[in-house]
Each structure stands twice: as structure tokens, then as C-alpha cells.
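Residues per chain, in single letters:
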Amino acid sequence: MKKSSSSMILNYTLLLGCGFIWGSQYLLNKIAMASFSPPMIAAGRIAIGAITLMVLLLLGGESKKIPNSKRSFWQCLPDFLFIGLLEATIPCLLVAWAQHQLPSSVTAILIGTVPLFATMMERLFVKGSTISLLNIVGIFLGLLGIVFLTGESVLSSFFFSAMREHSFPLLPVVALLAAACCFSLTMILIKVRLSPHLGPIHAAQGILLGAALSALPLMLFTTQLAEWQSFHLLPSASLALILLGIFCGGIVYILYVRLINRAGPSFASTCNYLVPPIGAFLGVTFSGEQMSSNIIASLLLILLALWFSRKKRA
């Protein structure tokens, strides 16, 4: 019983760590964009994250081999390329394109469907996985928490406008759902393809390597000459980018892969519920934004959702 309790505490600690680090990226992105374009931030974040993981490996942070592993690090390169593409390149392109036509509140709700896809995919592709009614209730409560966070006008804005005035085009909605599906599929691939062969640090380094091979060419292709000529480096922007790379692009992947290995993709996906309220709290603290009842209601619903998400079938 004590071992089970300590294991659960560690799982929730990893979950909160991932949620806090990813929740902080909105504030850091805002600071970094004073000097860097979004493709520059993405490429720099991946590069610094890869260097961070390389340093941890050189310091002996993880054994190179897992017992009974049949594949080496470089034999997993095709998986790194595919997972890096799904984890970074494709979702970033889809979300950026969709946000030109959809409000950010609707975008947050649609991306919040990641746990729904993850739970269904885990049941289909991970052997021995089961889903109870309480798990499903927990996922929908988390999604409802995101709805409360984005504001009272979301329901009327989304449902009535979409159904009556058709103000939200279908293709951007499909694009965001596809991005959420990409994130969910990534969790399953990490669990099935990488976990049996690599530890969390090696797996995270490989994913960042695969992401870099697609993100760096994207940055070079999308960054115009005028942007390079007018580039002005600010110390605060540089520090924000370094923090993004070390924590949001490096250390968080170690925590996240370890969480997937320990608790499964569906539980790990619930960190998507923590990112919006944590980001909102950091905005209140450092940007002078006002605390609202929506944030409080969102947190209560999310905590309840996390409790439901860990209830097992009898």
C-alpha cells in the first residue's frame, strides 16, 4: 500500500512539473518575441533543449541500455523523425494557420481535446489498457474546466455563432482537431516504440533531434531576409529563450516521457488541463492581469478531473 501511495505521489509530482513548465512557456514566449520570430523561437528552443539533454547524458544521467532492449539509439532514428514531426512541426503549422481564422478561446477548447484522443488511442493500441466510465467523466470535466477558463462568452460565441451564422469555418476546426490528434498519437508512439528500448533522457533527446531536422529548415524557409537585417537582440529576450530551451524544450521532455512510462498516455495527457490555468496564474502574477472567477472554477474542475482520471475499474 505504501509503495502504491508513493508511486501515485510521484506520478502527480511529475504531472504538476510538466504542467508548470509548459504553462510558463506563454509568458516566456511573450518576452522572447521582443527579439525573435516564432520560427526562431521554435528552432532555438529545440536546439537549446537538445544541448541540455546532451549535457545530462554526458554527466551520466542515464544508462545507455535498457535490459532486454533489441534496438539501439540510432536504430530508433525513424521513430525520432516521425515523432518529432508529430510533436512539433505539424501541430505548430496547423495551430498557427487555424488561429488566423479562429478566436484563441475556441483554439484552447479544441486543443483541449488531446486527452479524449489519447484515451481512445490508448485503449486501441496499448495492450492491457482499459477505460472506465469514471475515466471518461474525468476527461470531460477537464475539458469543461478549460471552457470556464476561456470565459463565459465561449459557449454563446462558439455554439450560436457556429450553428446560426457559420462564423467559424470548418477547415480550421478540423486542423486543430488534427493537431490534437497528433499530440495524442505521439504519446502512444512514445509508449509503444521508444519506452521498451530507451530511457527518458535518450528518448527525449531523440525526439528533439527528429524535431530539429524539420523545425530548422522550416525556420530558414519562413524567415525573410528583412527579419535578419532588422534583428535586434535584447538581454531579456535572450534569457527567456534560454529558459524556454532548458526547461520547456529539454527537461520537461524527461519528466513527460517518464510520466508516460509510469502512468500511461491517458493520464499523462491530463497535463493539457493544467497548462491553461497555470499560464493564467503566471500572467496574473507577472503581467498584472486580474484574477477572475473563471480561473478558480477551472482549477476546481481540473482537480476533480484528475481525481476521476485515476479511478480504476473494479
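1. Observations concerning the packing of aromatic side chains
- Under the criterion given, the structure shown has four aromatic pairs.
- Both rings, one in W22 and one in Y256, keep their centres 4.9 Å apart while their planes meet at 80 degrees; by these two values the pair is edge-to-face. Separated by 234 residues along the polypeptide, W22 in helix 1 (residues 2-23) and Y256 in helix 12 (residues 235-263) bring together distant segments of the chain.
- Owing to a relative accessible area of 10%, W22 belongs among the buried residues under this scheme.
- Centre to centre, the rings of F73 and W74 are 5.1 Å apart; their planes meet at 90 degrees, and the pair counts as edge-to-face.
- Look at W74 and you get exposed, because its relative accessible area is 59%.
- Here a set of aromatic residues connected by ring pairs shows up, and it is made of F73, W74 and F80.

2. Looking at the environment of G49
- Along the polypeptide, G49 turns up in helix 3 (residues 38-58).
- With relative accessibility at 0%, the residue G49 sits in the buried group.
- Placed 203 residues apart in sequence, G49 and V252 show a C-alpha to C-alpha distance of 9.3 Å.
- Not counting residues up to four positions away in its chain, the partners in contact with G49 are L208, G245, G249 and G250.

3. Some remarks on a nonpolar patch on the surface
- The grouping of L133, I136, V137 and F140 at the surface amounts to a nonpolar patch, some 370 Å² of accessible area in total.
- Among the structural elements, I136 can be located in helix 7 (residues 133-150).

Analysis parameters
- Residues numbered from 1 in each chain as written.
- Predicted model: local features only at pLDDT ≥ 70, side-chain atom pairs only at ≥ 80, totals over all residues.
- Heavy atoms only, no water.
- Phe/Tyr/Trp six-rings, centres within 6.5 Å; stacked < 30°, edge-to-face > 60°.
- Helix = DSSP H or I, 4+ residues; strand = E, 2+ residues; numbered from the N terminus.
- Buried < 20%, exposed > 50% of the residue type's maximum accessible area, 1.4 Å probe, protein only.
- Contact = heavy atoms within 4.5 Å.
- Patch = residues over 30% accessible without salt bridge, like charges linked within 9 Å, V, L, I, M, F, W, Y side chains within 5 Å.
- Areas by Shrake-Rupley, 256 points an atom, 1.4 Å probe, with all protein chains shown as cover.
- Salt bridge = Lys/Arg side-chain N within 4 Å of Asp/Glu carboxyl O.

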